[in-house]
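Here is what each chain is made of, one letter per residue.
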Amino acid sequence: MSYKILVVEDEKDINDMLTRVLEAEGNQAVQAYSGTEGFALLERENPDLILMDLMLPELRGEELLRRIRREKHCNVPVIVITARGAVREKVDMLNAGADDYITKPFEPEEVLARIDAVLRRTGKDESGCISYRGLEVWPDSRRAALNGQELILTIREYDLLHLLVQNPEKVFSRERLYELVYLWKSSRKPIFLRYF
């Protein structure tokens, strides 16, 4: 399974190395060199996972994570890769919504193993399936099943289900669901795709 991974790292050598490692495994890497650029690419690229440094120009890693989780209410998995290795900082970032924390210097094999582990924990398997309590959604083919029984859904029903299975613990108001699922951009893609 190929994943799209956003790499937010201002040191070009490290960013390029992570990109090479990810692409050698068949993944698509999207590079950003500042927190501001990373935040903009999150909306445009809809990555499966984010690798990010903390010491970023323009928008620090801590603030970027806060905006991803609290402003966008986005549950995309985030792995922090940083030279800052104090236990308190690790705990703070994990409590703020990071899914894992890797201290520099690191081995590429460790990064790949942690990406796989985080993606397994967040419910996305090698076929691209997102699952939650018997419900399975395949975004690439726009299919869904409940307890192994395929569901017949309209386009908007599928979009709504996809949104909810990506955010299983989040409560949405009726107005917010309408805004995220029923309003369409000029490209005819559901507007919620910009957020997740």
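Here, the structure is the one placed above.
Overview of the structure.

**Considering the environment of valine 30**
- The topology assignment puts valine 30 in strand S2 (residues 28-32).
- Judged by its relative accessible area of 10%, valine 30 is buried.
- As a C-alpha pair, valine 30 and valine 8 span 22 residues in sequence and 8.5 Å in three-dimensional space.
- If we ignore the near neighbours within four places in the chain, the residues touching valine 30 are Lys4, Ile5, Leu6, Val7, Leu41 and Glu45.

**A look at the pattern of salt bridges**
- A full pass over the atoms with the stated rule returns 13 salt bridges.
- Of the charged contacts, one joins aspartate 99 and arginine 69 as a salt bridge, the two residues approaching to 3.1 Å between their closest N and O atoms. Placement of aspartate 99 in the loop between helix H4 (87-96) and strand S5 (100-103) and of arginine 69 in helix H3 (residues 61-71) is noted, with a sequence separation of 30 residues between them.
- Classification of arginine 69 by relative accessible area gives buried; the value is 16%.
- Close ionic contact of arginine 143 with glutamate 150 constitutes a salt bridge, the shortest N to O distance being 3.3 Å.
- Residue class for arginine 143 comes out partly exposed when judged on its relative accessible area of 34%.
- Under the relative-accessibility criterion, glutamate 150 is labelled partly exposed at 42%.
- Three or more residues joined by partner-sharing salt bridges are found here, namely Glu9, Asp53 and Lys104.

Reading the values: the criteria
- Residues numbered from 1 in each chain as written.
- Predicted model: local features only at pLDDT ≥ 70, side-chain atom pairs only at ≥ 80, totals over all residues.
- Heavy atoms only, no water.
- Helix = DSSP H or I, 4+ residues; strand = E, 2+ residues; numbered from the N terminus.
- Buried < 20%, exposed > 50% of the residue type's maximum accessible area, 1.4 Å probe, protein only.
- Contact = heavy atoms within 4.5 Å.
- Salt bridge = Lys/Arg side-chain N within 4 Å of Asp/Glu carboxyl O.

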